[in-house]
Amino acid sequence: MNVYDSDRMQSILNAKGFRSEPELRKADVILINTCSIRDKSEHKVLSLLGELKGLKQKDPKKVIAISGCVGQRMGRTLLQRVPHLDLVLGPDAIDRVAELIESVVDRGERLVEAKFDTEGRKYSQPCLVNRAKPSEFLTIMKGCDHFCTYCIVPFVRGREKSRSIEEIIQDVKNLVAKGTQEVTFLGQNINTYGKGTGQKLSELIEAANKVEGLKRIRYLTSHPRDLGEDLITQFGTVEKLCPQLHLPFQSGSNRILKAMARLYTQELYLNKIELLRKACPDIALSTDVIVGFPGETEEDFEQTLKVLSEVKFSSAFMFKYSPRPGTKAMDLGEEVCESVKEERLARAQRVVYSQIELENLKYRNQIIPVLIESMDKKKKFFSGRTTHSKLVHVMNVGEASVGKIIDVEITDSNVSCLKGFYVGAPKTSIKLTANSGGVESGISSSVSAPLD
Ligand code: SF4
């Protein structure tokens, strides 16, 4: 969502005549879009701000601005704490970024704009289509009505509000007209999209499926309790909906799930997995896991390992619990010590990574369609994703492949990716390093045949 917000601010600023300047030293305005989901990301922001002090001293006219969730959470405090900071804006003010920067410049005042848009359940925010990537994110709602006890989102993104299906489909059509093949709809708790507006996520998926030229649809993030039957069934019936879902379970222990206020049990979660696999037997599932939540015992953690072992996820984002100010979990006490958190994280990672490595092995010698999205910096290979969201590095295509869905024969794999060749072109052997997303030398330049 932050990537989407950053792109949006860039489009707004470009339309107002601002130009991107990658060198901080030369930029008239430095805008940092921030995330506050974990303590570590907040620390990084504060440390980056510290590093910018010298630049501001050398050039006092330079405008330094913070946007996003850290801005929302800290507001005026941030301005007081960082004297060389000029502007703080929350996520609901990003559409006003150009006007706010201009106010700082014109009036020479330091500003904070961190109010929530609290009116009603609907909002409008048509996508600003400058350039369309082969795969695009599209925010369809904002905020969250759940209050999971560890999560800061409801405090920095407000209550749920949704855009209309009509506006979103128009965005999809505009993106497709500019070359987009795949859209990923974004929402903090996307299953409840349309709450209070009379529209539903399954209706949006149906409507997107009818958009001519669009090839793939995905969405995230789902909540196990709110993932309804209509959405589950669609994985077996809606042609363009990719067989892939991110469904965070966070903990396998019912006691910890209750303390997290997640509103489901391990049994309910596993039941949803069963229904998903019934609707779409080869669905790729990914998840989020928190280890070391306050009060988590070894027995609780073993329940998490049990779920990981049973479900066999295609990928998992696993984190040590990070206390966030203002959340209820901060007051629970019973903190799990850092070394135990680290040890549990490593154990969870071992289970998941070995499963993924085995799963990726099964792709070898298969020919699968890959949407090519980008080229590596050294132009050695191109990367894209399968419908199951597996990252694939393709060795023998040229720039013309970007934005196309091509058949790729998988010749090698590791825990992080698959590697292969565009079918029909000559092959040579490639050597992989364990756990690396990169490809070692040993690839003959003679295999760099352009797609066209
Ligand atoms: S559902 Fe997700 S975004 Fe909402 S409070 Fe829970 S963890 Fe945070």
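This write-up is about the structure you can find in this document. For every chain, the first residue of its written sequence is number 1, and the numbers climb from 1 along that sequence. Local features are withheld for residues below a pLDDT of 70 in this predicted model, meaning they are given only at 70 or higher, and side-chain atom pairs are given and counted only at 80 or more; totals for whole chains, interfaces and linings count all residues. The basis for every side-chain value is the complete set of non-hydrogen atoms in the structure, without hydrogens or water.

1. Let's talk about the nonpolar core
Moving on, step 1. Nonpolar core, defined: a set of buried Ala, Val, Leu, Ile, Met, Phe, Trp, Tyr and Cys residues in which side-chain atoms within 4.5 Å join the residues together. Only protein chains enter the calculation, and the probe is 1.4 Å; a residue is then buried if its accessible area is under 20% of its type maximum, exposed if over 50%, and partly exposed in between. The biggest cluster of nonpolar side chains holds 70 residues, and the ones touching the most others in it are Phe 185, Tyr 219 and Tyr 269.
Moving on, step 2. Elements are defined by DSSP. Helices are runs of H or I of four residues or more, strands are runs of E of two residues or more, and each kind is numbered from the N terminus. Top contributing element to this core by residue count: helix 7 (residues 165-177), with six residues.
Moving on, step 3. Taken domain by domain, the makeup of this core includes at least three residues from each of domain 2 (118-242) and domain 3 (250-361).
Moving on, step 4. For Tyr 269, the residues in contact, after removing those within four places along its chain, are Pro 224, Leu 247, Pro 248, Phe 249, Tyr 264, Thr 287, Val 307, Val 311 and Phe 313. Source of the domain bounds: an automatic or database domain assignment. When checking whether two residues touch, look at their non-hydrogen atoms; a contact exists if any pair is within 4.5 Å.

2. What to know about the sheet that holds strand 3 (residues 87-89)
Each strand in a sheet pairs with its neighbour through backbone hydrogen bonds, running either in the same direction (parallel) or in the opposite one (antiparallel).
Moving on, step 1. Two strands are said to pair when DSSP picks up at least two bridges between them. With parallel pairing, the four strands of this open sheet are ordered in space as 1-2-3-4. In this open sheet, the two strands that pair with only one neighbour each are strand 1 (29-34) and strand 4 (111-113). The mean angle between the axes of side-by-side strands here comes to 10 degrees, regardless of whether they run parallel or antiparallel.
Moving on, step 2. Looking at chain direction, strand 1 and strand 2 (residues 63-68) are connected through six bridges and run parallel. What counts as an axis is a line fitted to C-alpha atoms, over the stretch in contact for a helix, and the angles between N-to-C directions run from 0 to 180 degrees.

3. Focus on the environment of Gly 213
Moving on, step 1. By the secondary structure assignment, Gly 213 is in the loop between helix 8 (201-209) and strand 9 (216-220).
Moving on, step 2. Along the backbone, Gly 213 and Val 172 are 41 residues apart, and their C-alpha atoms lie at a distance of 10.0 Å.
Moving on, step 3. In contact with Gly 213, not counting residues within four places along its chain, are Val 176 and Thr 180.

4. Examining the sheet that holds strand 10 (residues 244-246)
Moving on, step 1. The three strands lie next to each other as 10-11-12, forming an open sheet whose pairing is parallel. Edge positions in the sheet fall to strand 10 and strand 12 (315-320), since each has one partner strand and no second. Going from strand to strand, the sheet's axes swing by 10 degrees on average, the running direction of each strand aside.
Moving on, step 2. Relative to strand 11 (residues 284-291), strand 10 runs parallel, the two sharing three bridges. When the bridges of strand 11 are listed, Leu 245 appears paired with Leu 285.
Moving on, step 3. Where helix 13 (residues 338-361) meets the sheet, its contacts fall on strand 11 and strand 12, and the angle it forms with strand 12 comes to roughly 175 degrees.

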